[in-house]
Amino acid sequence: MDPEREATRAPKHRRNGTALRVLRGVLMAGIAAVVAILVSGYLQGDPRITALFPGVSVPGAPQKGPGDTEPVHPLDAPPPGLEEADTPLASPPAPGTTNDSYKFLATNDDGTPVGYSPCRPLHYVVNNATAPAGSDALLTTALANISAASGIQFINDGTTDELPVDKREPYQPAKYGDRWAPLLISWTTPEAAPALAENVIGTGGSTMYSLNKGPKSYITGSLELDTPQVMELLASPGGADYVLAVMQHELGHVVGLDHVDDPIQLMYPEIGAPDGLAAGDLNGLHLLASAPCRKDI
Ligand SMILES: [Zn+2]
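Residues numbered from 1 in each chain as written. Predicted model: local features only at pLDDT ≥ 70, side-chain atom pairs only at ≥ 80, totals over all residues. Heavy atoms only, no water.

## A look at unusual backbone geometry
Within the chain, N212 stands out as a residue other than glycine whose phi angle is a positive 50°. In this structure, N212 sits in the loop between β8 (200–211) and β9 (217–226). (Helix = DSSP H or I, 4+ residues; strand = E, 2+ residues; numbered from the N terminus.)

## Side note on helix α2 (residues 135–150)
Residues three or four positions apart in an α-helix share a direction because the helix packs 3.6 residues into each turn. Between the first and last C-alpha of α2 there are 22 Å, a value that for 16 residues agrees with the 22 Å anticipated at 1.5 Å per step. Every buried residue of α2 is listed here: S135, L138, L139, A142, L143, I146, S147, A149 and S150. Elements in contact with the buried residues of α2: β5 (122–127), β6 (154–159), β7 (183–188), α4 (227–234), α5 (239–255) and α6 (279–288). G151 lies just past α2 and shows a positive phi near 85°. (Expected span 1.5 Å × (residues − 1). Buried < 20%, exposed > 50% of the residue type's maximum accessible area, 1.4 Å probe, protein only. Contact = heavy atoms within 4.5 Å.)

## Describing the state of the cysteines
Joining two cysteines, a disulfide is a covalent bond between their sulfur atoms. Counting across every chain of the model gives 1 disulfide. Note on cysteine connectivity: C119 is disulfide-linked to C293, with sulfurs 1.7 Å apart. Taking the sign of the torsion about the S-S bond as the criterion, the disulfide between C119 and C293, at about 40°, is right-handed. Of the two residues, C119 sits in the loop between β4 (103–104) and β5 while C293 sits in the segment after α6, which places them 174 residues apart along the sequence. (Disulfide = S-S within 2.5 Å.)

## Side note on the pattern of salt bridges
Going through the model one piece at a time under the given rule, you end up with 6 salt bridges. Between D161 and K175 there is a salt bridge whose closest N-O contact spans 2.6 Å. You can see D161 sitting in the loop between β6 and α3 (173–176) and its partner K175 sitting in helix α3, a full 14 residues away along the chain. You can call K175 partly exposed: its relative accessible area is 40%. (Salt bridge = Lys/Arg side-chain N within 4 Å of Asp/Glu carboxyl O.)

## Topic: the nonpolar core
If you look at the biggest cluster of nonpolar residues, it comprises 39 residues, and the most contacted ones within it are F154 and M247. Every element with two or more residues in this core is listed here: β5, α2, β7, β8, β9, α4, α5 and α6. Here this core gets 8 residues from one element, more than from any other, and that element is α5. Those residues in contact with F154, other than ones at most four positions away along the chain, are L122, Y124, L143, I146, S147, L183 and V255. Listed in part, the 7 residues of the second largest apolar core include W180, L211, I219 and I297. (Core = buried A, V, L, I, M, F, W, Y, C linked by side-chain atoms within 4.5 Å.)

Spelled out as structure tokens, the structure:
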């Protein structure tokens, strides 16, 4: 074992992410209404996005014998490398158009984007207690589109009663077993999730993890959708397309994309038309597909 090994983690439960809101008054103006989706900005530039804790030693971690190369299993983390394959699970084709209108929520010291390991699936659970009718199909489509572009293989672990919280524990063995907690997708309300206050319709982000101040990778995340606002959108002509755009925008944050200044991109903080992922979004997601595999976490 490596006696120097330490577990380093983000300020616990910190999330990268941003929030979306829809200008409801604009939406209700008519059939051809332009729905502006704006970022609240409340996490934009938030130091929680980039600040990592210094190493925290794990004195109680299981000890290994000399020559045993098994990584130490920190007490607040699952065994490393679960479901981790030797190579990425998918190889998404390069986008047909090169476009640099993308940004990442976090990068490593060498400038590479922080992403999820492409060599393991990303499990997710849905708190669908208040999910609007028909939203399942939209979520499935949103996940499929992000998967196709990023290579991330999402696995549906079903429903959960876990409620969204501001500081989610990324490792919950009593609830989800000895693994990183799955991505939590919650249908919720501003009362239960205060970040959805006012016109914010969705929030999303992920938690970074690293060892010995090494490269960071996301290990789990969460995504919250404002049920009342989404129901209002779905009741409007063409509203489903906007809901799909919101889901994809938030999933973009979950897998590592930040906002850009290019209004053509889905990751632009205002969406005039729900045209889906554009060239910059696709190029950014394709780069995230090249994030390092992580047998060590
Ligand atoms: Zn956003």
